[in-house]
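Now for the letters of each chain:
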Amino acid sequence: MSTPKRQACVTVLELFCTICLFRTSKMALVSDFLGQLTLNFGSSEPTYPTVIPAPDFDPDKDAARIETAIKTKGVDEQTIIQILTKRTYGQRREIAFAYERRAKKDMISALKGALSGLLETVILGLMKSTAQFDASEIKASIKGLGTDEESLIEILCSRSTAELVEIKKVYKELFKKDLEKDVAGDTSGDFAKLLLALVAVKRDEPSTVIDYEKIDEDARALYEAGVKRKGTDVKTWISIMSERSVPHLQKVFDRYKSYSPYDMQESIRKEVKGDLEKSFLALVQCFENKQLYFANKLGDAMKSKGAKEKVVTRIIVSRCEVDLKKIRSEYKVQFGKSLYQTISEHTKGDYQQALLSLCGGDD
């Protein structure tokens, strides 16, 4: 082979090898990226907290200020609010340890003795982790005569898989009972079956692969179990809504519209009533936009002259280290005014100051 031809062959061969190497390295990069996606996809949901770790945190200094505030004649509530609403749960625990070392008494007991009313509820709520607070709220909702279904629905239908797993663990630690047994003992019928299916925490982890066949199958099953037939096959609805991943269900509800003349929420309103209807609606609303669900709950709780303090307190305290900042932005879009402004209009006194501080700003 002549020299020019040999050089041309070598050049072509080198070019071919370069392309292969480039494609291999590119595929490796894609593979690495997908691997990272797979590793991170099922992790906990992103957070949008309004309460973040305080910079230059000094638990001993905070403990000393709280001790003085409690001992002050008439109690200095402002200092207590200023410190504890601007520290994360981890930091509040450190303050409590520092307080106990300093005062030789339990800070939570001291706060309980010094505070009262709605402010006491907020501050003592903040001294619990988010899971402890949720577990305590569930326990309170099923304790004694009657059941607070609204609290049960809100908590069990809105919490992520990771949150529910933690709530179950903490509930057992706090009350020495299984959450499933307590929920089963205080609810009945299809409502109980749905809540127990959620508490069983069998929801699929999100996948990087979109299964269009399964999406279509689930959408058709939801339609055939409800709108298409006389009566409702609630078991099928419970199974799909308690076991499928949230991204999958979002696509299922979108696909559902090609089968049904109504969207999923309209179908629920037509097919079931009472606590079961409220539960399914809460689930679907949380799957579609969880922060909008909470924004609407806050709006409903504060639309009258006063406020449903229990609901407002529960949402603000339980979500301030999770996603309250995003709830705030959804609230502004939905109601045309800030959550901060609404809280100012519907609450008062130290309770108002604590909520506004946790709210974290006027959008």
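Not measured: the values here are computed from a predicted model.

Rules of the game
- Residues numbered from 1 in each chain as written.
- Predicted model: local features only at pLDDT ≥ 70, side-chain atom pairs only at ≥ 80, totals over all residues.
- Heavy atoms only, no water.
- Helix = DSSP H or I, 4+ residues; strand = E, 2+ residues; numbered from the N terminus.
- Buried < 20%, exposed > 50% of the residue type's maximum accessible area, 1.4 Å probe, protein only.
- Contact = heavy atoms within 4.5 Å.
- Areas by Shrake-Rupley, 256 points an atom, 1.4 Å probe, with all protein chains shown as cover.
- Salt bridge = Lys/Arg side-chain N within 4 Å of Asp/Glu carboxyl O.
- Arc of directions from axis to C-beta.
- Phe/Tyr/Trp six-rings, centres within 6.5 Å; stacked < 30°, edge-to-face > 60°.
- Lys NZ or Arg CZ within 6 Å of the ring centre and 35° of its normal.
- Axes fitted to C-alpha atoms, helices over the stretch in contact; angles between N-to-C directions.
- Left-handed = near helix turned anticlockwise from the far one by under 90°.
- Nonpolar A, V, L, I, M, F, W, Y, C, P; charged D, E, K, R; others polar.

### What about the overall build of the protein?
Alright, step 1. Secondary structure summary: the protein contains 20 helices and zero strands in total.
Alright, step 2. Burial statistics for the protein: of 363 residues in total, 44% are counted as buried.
Alright, step 3. Long-range contacts, defined as pairs at least 24 residues apart, comprise 71% of the intrachain contacts of the protein with a sequence gap of at least 6.
Alright, step 4. With an accessible surface of roughly 19100 Å², the protein has 54% of that area assigned to carbon and sulfur atoms.

### A look at unusual backbone geometry
Alright, step 1. If you check the backbone angles, Val75 has positive phi at about 65° while not being a glycine.
Alright, step 2. Among the secondary structure elements, Val75 is positioned in the loop between helix 2 (59–71) and helix 3 (77–84).
Alright, step 3. A relative accessible area of 17% means that Val75 is categorised as buried.
Alright, step 4. With a phi close to 55°, Lys176 is a non-glycine residue in the positive phi region.
Alright, step 5. Checked against the element boundaries, Lys176 lands in the loop between helix 9 (161–175) and helix 10 (179–186).

### Notes on the environment of Phe175
Alright, step 1. Take Phe175: it is sitting in helix 9.
Alright, step 2. Take Phe175: its relative accessible area is 24%, and that puts it in the partly exposed class.
Alright, step 3. With sequence-adjacent residues up to four places away left out, Phe175 is seen in contact with Ala135, Ser136 and Lys139.

### Digging into the pattern of salt bridges
Alright, step 1. One pass over the structure, following the stated rule, counts 28 salt bridges.
Alright, step 2. A salt bridge links Lys228 to Glu224; its shortest N-O distance comes to 3.9 Å.
Alright, step 3. Through salt bridges that share partners, Glu150, Glu154, Lys297 and Arg314 make up one connected network.

### Regarding helix 10
Side chains that are three or four residues apart share a direction in an α-helix, a result of its 3.6 residues per turn.
Alright, step 1. Buried within helix 10 are the following residues: Leu179, Asp182 and Val183. Looking straight down helix 10, one finds its buried side chains confined to an arc of 95°; they lie on one side. More than 90 degrees from the buried face of helix 10, the exposed residues found are Lys181 and Gly185.
Alright, step 2. Residues of helix 10 that are buried make contact with helix 7 (130–142), helix 8 (149–158), helix 9 and helix 11 (189–199).

### A word on the packing of aromatic side chains
Alright, step 1. Enumeration according to the criterion identifies six aromatic pairs in this entry.
Alright, step 2. Plain terms: the ring middles of Trp237 and Phe280 are 5.5 Å apart, the flat faces sit at 85° to each other, and that makes the pair edge-to-face. One end of the pair, Trp237, is in helix 13 (residues 234–243); the other, Phe280, is in helix 16 (residues 274–301), and 43 residues separate them in sequence. Comparing Trp237 with Phe280, the two get one shared label, buried.
Alright, step 3. The ring of Tyr262 is capped by Lys270, whose NZ or CZ atom sits 4.5 Å from the centre of that ring.

### Brief notes about the packing of helix 3 against helix 6 (residues 117–126)
For any two helices packed against each other, one specifies the inter-axial angle together with the distance between the axes.
Alright, step 1. Interhelical geometry of helix 3 versus helix 6 gives an angle of 35° and a closest axis separation of 11 Å. The interaxial crossing formed by helix 3 with helix 6 has left-handed handedness. Between helix 3, through Glu77, Ile80, Ile81 and Leu84, and helix 6, the contact on the second element is made entirely by Leu119, Ile123 and Leu126.
Alright, step 2. Residue composition of the contact of helix 3 with helix 6, by class: six nonpolar, no polar and one charged.

### Some points on the environment of Lys193
Alright, step 1. Relative to the assigned elements, Lys193 resides in helix 11.
Alright, step 2. The spatial distance from the C-alpha of Lys193 to the C-alpha of Ile238 is 7.8 Å, given a sequence separation of 45 residues.

### Concerning the side chain of Thr313
Alright, step 1. When you line up the elements, Thr313 lands in helix 17 (residues 309–319).
Alright, step 2. Of the residues examined, Thr313 reaches a relative accessible area of 4% and is grouped as buried.
Alright, step 3. Not counting residues within four places of it along the chain, the set of residues in contact with Thr313 comprises Thr121, Val122, Ser318 and Tyr351.

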